Amino acid sequence: MKDIIKPHTQNAIPILSIAGSDCSGGAGIQADLKTFSAHKLFGMSVILSVVAENTARVISSHDIPTQYINDQIKAVFEDIPPYATKIGMLGSNAIIECIAENLAFYKPQNVVIDPVMFAKNGFPLMPQNTRETFKKKMISLCDVLTPNIPEAEELCGFSIKSEEDMRQGAKALYEMGAKAVLIKGGHGLENANDVLYNGAFHILHSARIGTTNTHGTGCTLSSAIACNLALGFDVLQAIKRAKDYVFGAILYSLKLGKGNGPTNHFFR
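This is a predicted model, so every value here is computed, not measured. (Residues numbered from 1 in each chain as written. Predicted model: local features only at pLDDT ≥ 70, side-chain atom pairs only at ≥ 80, totals over all residues. Heavy atoms only, no water.)

A. Representation of the overall build of the protein in the model. In terms of helices and strands, the protein carries eight helices and nine strands. Over its C-alpha trace the protein gives a radius of gyration of 18 Å, about what one expects of a compact globule, namely 18 Å for 268 residues. Counting only C-alpha atoms and orienting by the principal axes, one finds that the protein spans roughly 75 × 40 × 40 Å. When each of the 268 residues of the protein is scored for burial, the buried share is 49%. Sequence-distant contacts in the protein: of pairs separated by 6 or more residues, those separated by 24 or more amount to 67%. (Helix = DSSP H or I, 4+ residues; strand = E, 2+ residues; numbered from the N terminus. Rg over C-alpha atoms; globule rule 2.2 N^0.38 Å. Buried < 20%, exposed > 50% of the residue type's maximum accessible area, 1.4 Å probe, protein only. Contact = heavy atoms within 4.5 Å.)

The following block contains the structure:
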């Protein structure tokens, strides 16, 4: 009879992504799970929508019925409660209502919401008629909200052209109930600086990298923030560490596809 080898089990930090999928692997759930692994965390997922996309275009998007979303969330939280939860694409009013109800019920810690509205080519991943529902139901449930400038404009209802506008937008979204708001400056005209407001303003300076390989950067940044919150860092430090990670992932991006190529989640 062969000897039985005693296993060496290790403690692990679980973390959850609730988002849409990207079959080409650069954004959505796939980017989130890669980011979790790069931070040595145990990644779990709840798929909300199946998106047929690649680096050049979105072909179609199919929302998962809410019964199966509820079942996925229940399966995770009854067994392996996450240390942080990242929420991405919310493609319908029904899905927003479903996620809001589950957040209110399970009360997860360290909720990071990336209000994904548009794909790189402009395809609406959060339809216009759902954005008011998102504002009413989701913003007050998040610990960190991470809109880019076009998304912040949609949520705030005014144009954002300067760093001062970003400050006003971040404060307006904070007053809607988010505990911290990071408006990302990648679309900015003046520079690529981000603005964080969590009761006080923090300007996070960023160099702009000369590349079009930025597919999935918003997903990756919000996931990296969630990772660092799960690891015990405060919001400001979590965001700074996440920005450093994403900078490297873009700097060493991957030469793949005919459009905006993906970042390199494992550049380290």
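B. Main features of the packing of aromatic side chains. On inspection of all chains with the given rule, the structure shows six aromatic pairs. Relative to Tyr 197, the ring of Tyr 174 has its centre 4.9 Å away and its plane inclined at 85°; by these criteria the two rings are edge-to-face. With a gap of 23 residues between them, Tyr 174 in helix α6 (residues 163–175) and Tyr 197 in strand β8 (residues 194–197) connect regions that are remote in the sequence. Overall, Tyr 174 belongs to the partly exposed group, its relative accessible area being 29%. By relative accessible area, which is 9% here, Tyr 197 ends up buried. One aromatic cluster is present, built from ring pairs that chain together Phe 77, Phe 105 and Tyr 106. (Phe/Tyr/Trp six-rings, centres within 6.5 Å; stacked < 30°, edge-to-face > 60°.)

C. Representation of the packing of helix α5 (residues 149–156) against α6 in the model. The interhelical angle for the contact between α5 and α6, taken along N-to-C directions, is 55°, at an axis separation of 10 Å. Comparing their axes, α6 and α5 come out oblique. Two packed elements cross with a definite hand, and for α5 against α6 that hand is left-handed. Contacts between α5 and α6 involve Ile 149, Leu 155 and Cys 156 on the former and, on the latter, Met 166, Gly 169, Ala 172 and Leu 173. Looking at the contact of α5 with α6 residue by residue, the class counts come to six nonpolar, one polar and no charged. (Axes fitted to C-alpha atoms, helices over the stretch in contact; angles between N-to-C directions. Parallel < 35°, antiparallel > 145°, perpendicular 65-115°, else oblique. Left-handed = near helix turned anticlockwise from the far one by under 90°. Nonpolar A, V, L, I, M, F, W, Y, C, P; charged D, E, K, R; others polar.)

D. Focus on the environment of Lys 243. Tracing the backbone shows Lys 243 in helix α8 (residues 235–251). Given the relative accessible area of 15%, Lys 243 is considered buried. Along the backbone, Lys 243 and His 202 are 41 residues apart, and their C-alpha atoms lie at a distance of 14 Å. Beyond its immediate stretch of four places on either side in the chain, Lys 243 contacts Asp 194, Leu 204, His 205, Ser 206 and Leu 221.

E. Inspection of the environment of Met 44 at higher detail. For Met 44, the position within the fold is in strand β2 (residues 42–53). What makes Met 44 buried here is its relative accessible area of 9%. For the pair Met 44 and Ile 29, spaced 15 residues apart in the sequence, the C-alpha separation amounts to 9.3 Å. Setting aside residues no more than four positions away along its own chain, Met 44 makes contact with Pro 14, Ile 15, Leu 16, Ser 17, Leu 33, Phe 36, Val 76, Ile 80 and Pro 82.

F. Representation of the state of the cysteines in the model. One pass over the structure, following the stated rule, counts zero disulfides. Cys 156 takes part in no disulfide bond, and the closest cysteine sulfur to it belongs to Cys 142, at a distance of 13 Å. (Disulfide = S-S within 2.5 Å.)

G. Quick peek at the pairing of β8. Of the two faces of β8, the one holding Asp 194 and Leu 196 and the one holding Val 195 and Tyr 197 are both buried throughout. Here four bridges tie β8 to strand β9 (residues 201–204), and the two strands are oriented antiparallel to one another. Paired with Val 195 across the two strands is Ile 203, which belongs to β9. Two successive antiparallel strands, β8 and β9, enclose a turn made up of three residues, where Gly 199 displays a positive phi of approximately 105°. (Pairing = 2+ DSSP bridges.)

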